[in-house]
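# Reading the structure
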Amino acid sequence: MALPLFCGSICRNPRKTLVAGQEVSNYPMSSGLSFQMMYYDDSCGGGLYFAAYDTDDYHKTFACRPEGESFRMFNIHYAETMPERAVMNYREPFDSTTPFGVWKLPYPVVTGTIHGDWYDAAKVYRRWSLKQERWKPLAERRDVAERFRSEVLAWLSVWGRPDHPIQALVDGRPNTDPKFITDCRTAMDRLADKVIGMQNELGVKLGVHLYMWYKSGEMDLRYPDYFPALPGVREGIAKIRAAGGAVMPYVNVLLFDASTPQYAQGKPCFKMNSSGEITATGPWGHSLYHSFGGWGSMCFATEWWQNYITEVYRQLKDDYNCDAEYMDLLFSSQSFCFDKRHGHTIPGGNYFGKGGRALTARVKALRPAGRSYIVGENVGETYIGTVDGQLVALPENDPTTPAMFDSVYSDRTNLLGVYQCSDAHLCFMLARGRVFYLSGDAMKAKAPNMTTLRNMLHTRRAALEFLHDGELLRQPDLSGIEHVRDKWWVVLKNAEVEYSIPVVFTEVYRSPAGAIGLVFANHTDREQTVTFPWNVRDWGYPVGLQVKRSECIGGKWGKAVDYVIGEKFSVTIPPKNAAVIKLAGDKPSNPISGAEEPVATAAGTVSLDNRDDGRFNPDNPMYWGGK
């Protein structure tokens, strides 16, 4: 079973291995399915394709599970009831005198058999997605700052406060103790010097993802009471910006601490559960990690919350000179809201995605066209065209992850990959087309090899037509390449896992102009020669075709020479370095883009009469029985 959980996931022998908790994923939700497709591979060259072709982010649940000797894949679409007609408590007896009316499924569900594997299924979905105006290729967008494409090539995740324990608030007010103020200013000044020093050593501009810059100085405490920032933050940002660096402060756009002064205003905008209760019942003032009491989630459909968060970003832009925006939990935590006062449908509809897009549109409008850069947490198609980059925080440190999301959307969003303590991981990030993101904790555990990092960064900058703007194609057959055992820390498993990885990470891209780019990243201490069969079907250029071949080593391009494509392709990569081989013919490459289209489509009107209980209910056979 191939599922686009995060970037991609393969569940082998799903009829026996799927258990409770693994078979269900909500959408839109970037810690669930990153796009709306599931594929059952029969291991004999084909399988069953199942997808919802929805561009408007309707609430839905994708599910698959074994049932006896069968295997079931299905999509739950939640009925949309106008708030004035919504029945809140589904545990009460159903009143058949309250009509629910008629709903039409607002998107087609497409299913059918296809030939191929998960890659072919992803390319089928890509063909549909390319027709949607909402998901434009990056090369065609004019709203994203060029600076964050070709200048700011890596991000550092750092603190805007001292490393040692601090007391930022005294009786709820900013601490005015001279020593505290001096400590904070010294910490930010040293951070700025460190960033500038790394820029000079690496030869590229860096971005700073600044955590704990705000009033409380603690992670997940007293959101959204952000201002004023800690002492020294404004001056440290100015120093980094003057040296050409970028600054992107952490802002949480979902959570609200009931102990903040803004609670009375924000309370009407909290999500409400089906029992009519809000999720934050009173002030606690504890970190989210220590107590869930007093914390709640905001409904994106409410205008007050959209305005409040937009004002936070305006202050960061105008008063603190920040040049990028980070939106934590924008689409990471989808859930229903049953508050009739918010005006949205209950419980189904698309108010979650629509509200999130409205919020980001307001924030993007704070800057002139072509000056914006907004990043969200985790990965999903819902972000594309809404935010400009996606921080791949959770699944990125598993080298066996199938590149399902990348195979559909690599040329339409930036994915920021999180460094996890090894040269191999740096090489993996380059080959997968990642914007480099170096977490402070990982760098403390093991600082990256600066020579390797420099080579990877300069290679990325030299090959942006592939690694930023290009479509990811099928990976070469690496079975003939030497593999080594390597341990990687896997966040989703909370454990160190040993994998067999190739000595050279390798991927293939197609540029917007139709050239083929083969990317190689060697994480070993010795020169490596890589040889593999040429893939005509998935890369497009036939054997025997004469093309121009250009070679980039460590970010420096050589002269283009004539080259005839053979049955096998071979290249030698220096140690701790990367190579990109560009093959450009007289005409664009024309790879086979996936399998033939499945033909079966289920869509149309679903009629419910007064005898049908259409209320949201996890136990209602209306949903789980597949009616």
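This write-up is about the structure you can find in this document. (Residues numbered from 1 in each chain as written. Predicted model: local features only at pLDDT ≥ 70, side-chain atom pairs only at ≥ 80, totals over all residues. Heavy atoms only, no water.)

So, about the packing of helix α7 (residues 303–318) against helix α8 (residues 351–364). Two numbers describe a pair of packed helices, the interaxial angle and the distance between the axes. Direction vectors running N to C along α7 and α8 enclose 35°, while the axes themselves pass 9 Å from each other. Considering the relative orientation of α7 and α8, their crossing is right-handed. Residues E303, W305, Q306, N307, I309, T310 and Y313 of α7 lie in contact with α8, whose contacting residues are G355, A358, L359, R362 and V363. Of the residues belonging to the contact of α7 with α8, the class tally is six nonpolar, four polar and two charged. (Axes fitted to C-alpha atoms, helices over the stretch in contact; angles between N-to-C directions. Helix = DSSP H or I, 4+ residues; strand = E, 2+ residues; numbered from the N terminus. Left-handed = near helix turned anticlockwise from the far one by under 90°. Contact = heavy atoms within 4.5 Å. Nonpolar A, V, L, I, M, F, W, Y, C, P; charged D, E, K, R; others polar.)

Attention shifts here to the side chain of D469. Residue position: D469 is located in the loop between α13 (464–467) and β23 (471–472). Owing to a relative accessible area of 10%, D469 belongs among the buried residues under this scheme. Here the side chain of D469 touches H468 through a polar contact of 2.7 Å, side chain to side chain. Apart from the residues lying within four places of it in its own chain, the contact partners of D469 are L138, A139, R149, D411, L464 and P512. (Buried < 20%, exposed > 50% of the residue type's maximum accessible area, 1.4 Å probe, protein only. Polar contact = N/O pair within 3.5 Å; in protein donor to acceptor, adjacent residues only side chain to side chain.)

Contact geometry for helix α10 (residues 423–431) and helix α12 (residues 450–462): axes closest at 10 Å, N-to-C directions at 0°. Considered as vectors, α10 and α12 are oriented roughly parallel to each other. Judged by residue contacts, D423, L426, C427 and L430 of α10 engage T452, L453, M456, T459 and R460 from α12. Looking at the contact of α10 with α12 residue by residue, the class counts come to five nonpolar, two polar and two charged. (Parallel < 35°, antiparallel > 145°, perpendicular 65-115°, else oblique.)

Let us look at unusual backbone geometry. Looking along the chain, the bond that leaves Y223 and enters P224 is cis, with omega of 5°. Note the cis peptide between F227 and P228, where omega equals 0°. Backbone geometry places D57, a non-glycine residue, at a positive phi of 60°. On the secondary structure map, D57 appears in the loop between β5 (46–52) and β6 (60–67).

Attention now goes to the sheet that holds strand β21 (residues 414–418). One open sheet accounts for eight strands, arranged β14-β13-β10-β22-β21-β20-β19-β17; its pairing is parallel. Strand pairing shows two members of the sheet lacking a second neighbour, β14 (246–249) and β17 (325–327), which therefore form its edges. For this sheet, the mean inter-axis angle between neighbouring strands, taken without regard to orientation, is 25°. Note that strand β20 (residues 389–392) and β21 share four bridges and pair parallel. Paired with Q390 across the bridge in β21 is L415. Against the sheet, helix α5 (residues 233–242) contacts β13 (205–211) and β14, and its axis sits at roughly 145° relative to β14. (Pairing = 2+ DSSP bridges.)

What follows is about the pairing of strand β32 (residues 568–573). Side chains F569, V571 and I573 project from β32 onto a buried face, and the interleaved K568, S570 and T572 project onto a face without burial. Bridge analysis of strand β28 (residues 528–533) against β32 gives six bridges, and the strand direction is antiparallel. Within β32, the residue paired with F532 across the bridge is F569.

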